[in-house]
Amino acid sequence: MASLPPTSKSLKARLNNGDTLYGLFLLSFSPTLAEISGLAGYDFVVVDMEHGHGGISQALLCLQALSATQTPAILRLPENSPPWAKKALDLGPDGLMFPLINDPESAKAAVASCRYPPAGIRGNAHPVVRASKYGLDHDYLEKYESELLIMCQVESEEAAKRAGDIAAVDGVDCVMIGPSDLSASMGFIRDPGNKKVKEVMKLAESAVLGGGEAYLAGFSRPYDPPNEMKKRGYNIVCAGVDLALFRNAVVQDVKKFKNMI
């Protein structure tokens with residue numbers, strides 16, 4: 001029997017241990033930037049197939065780069081659908097992020113997409129896919145449910161009002177509140193820090209923390225720094241996007257040069 005390298009604690013294990021996790025969104029689909037991000041020390045990296053240009057094949061290269069740095073990877077799906085979930089899960093990510101979950105029914109469908117029959121509807125190819133180390137991980141079926149982090153995104157005012165019900169769905173490990181889409185749904189697309197948006201977010205945060213066992217995740221903005229989010233009970237904080245970080249760095253570099261001449 002082939003011997004496999006030891007694995008570090010799963011994201012869920014770290015959350016259960018009380019850790020607050022800090023991560024990055026990767027939209028470039030660059031394996032090099034993925035590798036640098038892992039080496040930099042992020043707790044996880046979200047490979048974003050919703051807003052990034054890449055699909056399954058490009059995501060695989062990023063997952064392989066992150067795996068080399070022992071950094072957990074979460075795949076953000078472009079939609080809540082069984083075919084996307086199936087293909088993403090077979091790559092072996094540490095978590096899946098489902099966008100636009102507006103009600104408990106959508107959350108239940110997301111969970112079902114992640115479970116093999118009879119508990120769900122996931123297609124069965126576990127003996128040959130990367131998730132089971134191509135069949136070399138003989139304990140995969142016994143542990144995948146306990147290790148996979150299932151994240152549901154609350155991104156509209158309608159969803160925010162039902163955040164507690166979504167968090168209470170069996171199998172939902174984490175609810176992530178998206179301030180950008182939430183503010184857009186409320187008519188404040190250019191003002192995500194609007195007082196009315198903050199009020200709705202506060203109610204959603206309280207509902208998630210007060211019901212079920214789901215963890216609370218969110219995206220830090222300039223008006224809402226990570227330390228403040230941690231104080232309010234956030235267990236997962238995302239505070240950067242690779243493209244934005246690179247954009248800011250090169251803009252400042254060019255500006256610095258032009259100011260010197």
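Refer to the structure printed above.
Residues numbered from 1 in each chain as written. Predicted model: local features only at pLDDT ≥ 70, side-chain atom pairs only at ≥ 80, totals over all residues. Heavy atoms only, no water.

## Comments concerning the pattern of salt bridges
Test applied: What makes a salt bridge here is a side-chain nitrogen of Lys or Arg within 4 Å of a carboxyl oxygen of Asp or Glu, nothing more. For helices the rule is a DSSP run of H or I covering at least 4 residues; for strands it is a run of E covering at least 2, with both sets numbered from the N terminus onward. We call a residue buried when its accessible area falls under 20% of the maximum for its residue type, exposed when it is over 50%, and partly exposed in between, using a 1.4 Å probe and counting protein chains only.
Counted by the stated rule, this structure contains 13 salt bridges. We note a salt bridge from aspartate 173 to lysine 12, for which the minimum N-O separation is 3.3 Å. Pair noted here: aspartate 173 is in the loop between α8 (163-167) and β6 (174-177) and lysine 12 is in helix α1 (residues 11-16), with a separation of 161 residues, a long-range link. In this pair, the class of aspartate 173 matches that of lysine 12, namely buried.

## Regarding the pairing of strand β3 (residues 73-76)
How we decide: Crossover handedness is defined here as right-handed if the route from the first strand over the helix to the second strand goes clockwise, with the strands pointing away from the viewer. By this definition, two strands are paired if DSSP reports at least two bridges between them.
Side chains of β3 alternate between two faces, with Ala73 and Leu75 and Ile74 and Arg76 buried alike. Since strand β2 (residues 44-48) and β3 lie parallel, the crossover through helix α3 (residues 56-68) that links them has a hand, and here it is right-handed. The pairing of β3 with strand β4 (residues 95-98) spans 3 bridges and is classified as parallel. Across the sheet, residue isoleucine 74 finds its bridge partner in β4, namely glycine 95.

## What about empty space enclosed by the protein?
Using a probe with the size of a water molecule, rolled over the atoms, empty space left in the structure can be pinpointed. Put simply, the test is: Residues are said to line a cavity or pocket when one of their atoms sits within 4 Å of a point; the points come from a 1 Å grid over protein atoms alone, cavities being sets where a 1.4 Å probe fits but cannot get out and pockets being open sets with protein on both sides within 12 Å along at least five of seven lines. Grid points are joined across faces, edges and corners, and a volume is the space filled by probe spheres set on the points. When residue character is reported, Ala, Val, Leu, Ile, Met, Phe, Trp, Tyr, Cys and Pro are called nonpolar, Asp, Glu, Lys and Arg charged, and the others, Gly included, polar.
Enumeration over the complete set of coordinates arrives at 1 cavity of 30 Å³ or more. For the largest cavity, the calculated volume is near 40 Å³. Ile177, Pro179, Met201, Gly218, Phe219, Arg221, Tyr223, Asp224, Met229 and Tyr234 are the residues that line the largest cavity. Class assignment of the residues belonging to the lining of the largest cavity gives a composition of 7 nonpolar, 1 polar and 2 charged.

## Remarks on the packing of helix α2 (residues 31-40) against α3
Stated precisely, the cut-off is as follows: Structural elements are reduced to axes, namely lines fitted to C-alpha atoms, with helices fitted over the stretch in contact, and the angle between N-to-C directions of any two is expressed from 0 to 180 degrees. Angle categories: roughly parallel below 35 degrees, roughly antiparallel above 145, roughly perpendicular from 65 to 115, and oblique for all the rest. Crossing handedness is defined as follows: a turn of the near helix away from the far one that is anticlockwise and smaller than a right angle gives a left-handed crossing, while the clockwise case is right-handed. Contacts were defined at the residue level, with two residues in contact if any of their heavy atoms lie within 4.5 Å.
One can describe the packing of α2 onto α3 by two numbers: an axis separation of 8 Å at closest approach and a directional angle of 30°. By the angle class used here, α2 and α3 are roughly parallel. With respect to the hand of their crossing, α2 and α3 are arranged in right-handed fashion. Residues Pro31, Ala34, Glu35 and Gly38 of α2 touch α3, and the partners they reach there are Leu61, Cys62, Ala65 and Leu66. Taken together, the residues of the contact of α2 with α3 sort by class into 6 nonpolar, 1 polar and 1 charged.

## So, the pairing of β2
Counting buried residues along β2, 5 of its 5 residues qualify, which places the element largely inside the surrounding structure. A crossover connection joins strand β1 (residues 21-26) to the parallel β2 through α2; in handedness this β-α-β unit is right-handed. As paired strands, β2 and β3 are joined by 4 bridges and run parallel to one another. The residue of β3 that forms the bridge with aspartate 48 is arginine 76.

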